[in-house]
Amino acid sequence: MDPCSTSVTYTVHPVETVPLQDRHQVSRGQPAGPTGGQHIVVNVPTEPPADYLVWSLWNFIYGNICCLGFVAVVYSVRARDRKLVGDQEGARRHASIARALNITATVLMSLLVFLAIVVPTAMIAQGASYYNNEYNRNINYNNEYNRNINHNNGYNGYRYYNYRH
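Owing to the predicted nature of the structure, the values given are computational and were not obtained by experimental measurement.

Got a minute to help me understand the environment of K83 in this structure?
Among the secondary structure elements, K83 is positioned in helix α2 (residues 68-85). A relative accessible area of 25% means that K83 is categorised as partly exposed. Residues within four places of K83 in sequence aside, it is in contact with P48, P49, D51, Q88 and A91.

Next up, the structure:
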């Protein structure tokens, strides 16, 4: 028996017991013949669960925050092993844990990258604003100082007398 297939039993009712589109018209059955249902066994192969190994390796190599990437790799490998053994439920359980760990690691890494870009940019902008304010204040002070010196033309309150006439 194939471990990837599941046996499902469907009960098929005779056409006469299924209601028609118009609910007022209902067939009462065939006058001659059995009214019992038939049983058909259909093998529906179930899709094997994903193990998220590539995503786990990506998080392990590029975003191993709090070892979430490593733990996700471990659960992904366990899911793959369970899938190879034929334990579909165990594979789904381990894959679900690996997916949750991968989502957490991806979100945390995305937040870290965002903050690593935004915070230094904001600090640089704040520093540039402070530098511009200080530079402008110094220019204004120097202009005021130069204006006072030029206004006095070197006169310091005492007349310069040349005693050598």
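Where do I start with the packing of aromatic side chains in this structure?
Think of a pair of aromatic rings as described by two things: how far the centres are apart, and how the planes are tilted against each other in angle. One pass over the structure, following the stated rule, counts three aromatic pairs. Note on Y52 and W55: the rings are 6.2 Å apart at their centroids and 70 degrees apart in plane angle, and the pair reads as edge-to-face. Look at Y52 and you get partly exposed, because its relative accessible area is 27%. Both rings, one in F60 and one in F70, keep their centres 5.9 Å apart while their planes meet at 45 degrees; by these two values the pair is tilted. Pair noted here: F60 is in helix α1 (residues 53-62) and F70 is in helix α2, with a separation of ten residues, a long-range link. A relative accessible area of 44% places F70 in the partly exposed class. Here the basic side chain of R78 rests over the ring of Y75, its NZ or CZ set 5.2 Å away from the ring centre.

Explain the state of the cysteines to me, please; I cannot follow it from the model alone.
Two cysteines joined by a covalent bond between their sulfur atoms form a disulfide. The tally for this structure, following the rule as stated, stands at zero disulfides. Of the cysteine sulfurs around C67, a residue in no disulfide, the closest is that of C66, at 7.5 Å.

Is there a simple way to think about the packing of α1 against α2 in this case?
In helix packing, the relevant descriptors are the interaxial angle and the interaxial distance, both defined with respect to the helix axes. Close contact between α1 and α2 brings their axes to 8 Å; oriented N to C, the two are set at 160 degrees. One way to sum up the angle between α1 and α2 is to call them roughly antiparallel. Here α1 runs over α2; the crossing is left-handed. Counted together, L53, S56, L57, N59 and F60 of α1 and G69, F70, A72, V73, S76, V77 and R80 of α2 form the full contact between these two elements. Split into classes, the residues belonging to the contact of α1 with α2 amount to seven nonpolar, four polar and one charged.

Whenever I open this one, a nonpolar patch on the surface confuses me. Can you help?
Side chains of L57, W58, F60, I61, Y62, F70 and V71 sit close together on the surface and give an oily, nonpolar patch of about 720 Å² of accessible area. Taken together, the elements giving at least two residues each to the nonpolar patch come down to α1 and α2. Residue contributions to the nonpolar patch peak at five residues, all from α1. Here V71 lies in helix α2. Given a relative accessible area of 31%, V71 falls into the partly exposed group.

Can you help me understand unusual backbone geometry in this one?
Most peptide bonds take the trans configuration, and most residues that are not glycine carry a negative phi. In this structure, Y52 is a non-glycine residue whose phi angle is positive, near 55 degrees. With respect to the helices, strands and loops of the structure, Y52 is situated in the loop between β2 (38-45) and α1. One non-glycine residue, C67, lies in the positive phi region at around 60 degrees. Within the secondary structure, C67 sits in the loop between α1 and α2. Residue class for C67 comes out partly exposed when judged on its relative accessible area of 44%.

Criteria and thresholds
- Residues numbered from 1 in each chain as written.
- Predicted model: local features only at pLDDT ≥ 70, side-chain atom pairs only at ≥ 80, totals over all residues.
- Heavy atoms only, no water.
- Helix = DSSP H or I, 4+ residues; strand = E, 2+ residues; numbered from the N terminus.
- Buried < 20%, exposed > 50% of the residue type's maximum accessible area, 1.4 Å probe, protein only.
- Contact = heavy atoms within 4.5 Å.
- Phe/Tyr/Trp six-rings, centres within 6.5 Å; stacked < 30°, edge-to-face > 60°.
- Lys NZ or Arg CZ within 6 Å of the ring centre and 35° of its normal.
- Disulfide = S-S within 2.5 Å.
- Axes fitted to C-alpha atoms, helices over the stretch in contact; angles between N-to-C directions.
- Parallel < 35°, antiparallel > 145°, perpendicular 65-115°, else oblique.
- Left-handed = near helix turned anticlockwise from the far one by under 90°.
- Nonpolar A, V, L, I, M, F, W, Y, C, P; charged D, E, K, R; others polar.
- Patch = residues over 30% accessible without salt bridge, like charges linked within 9 Å, V, L, I, M, F, W, Y side chains within 5 Å.
- Areas by Shrake-Rupley, 256 points an atom, 1.4 Å probe, with all protein chains shown as cover.
- Salt bridge = Lys/Arg side-chain N within 4 Å of Asp/Glu carboxyl O.

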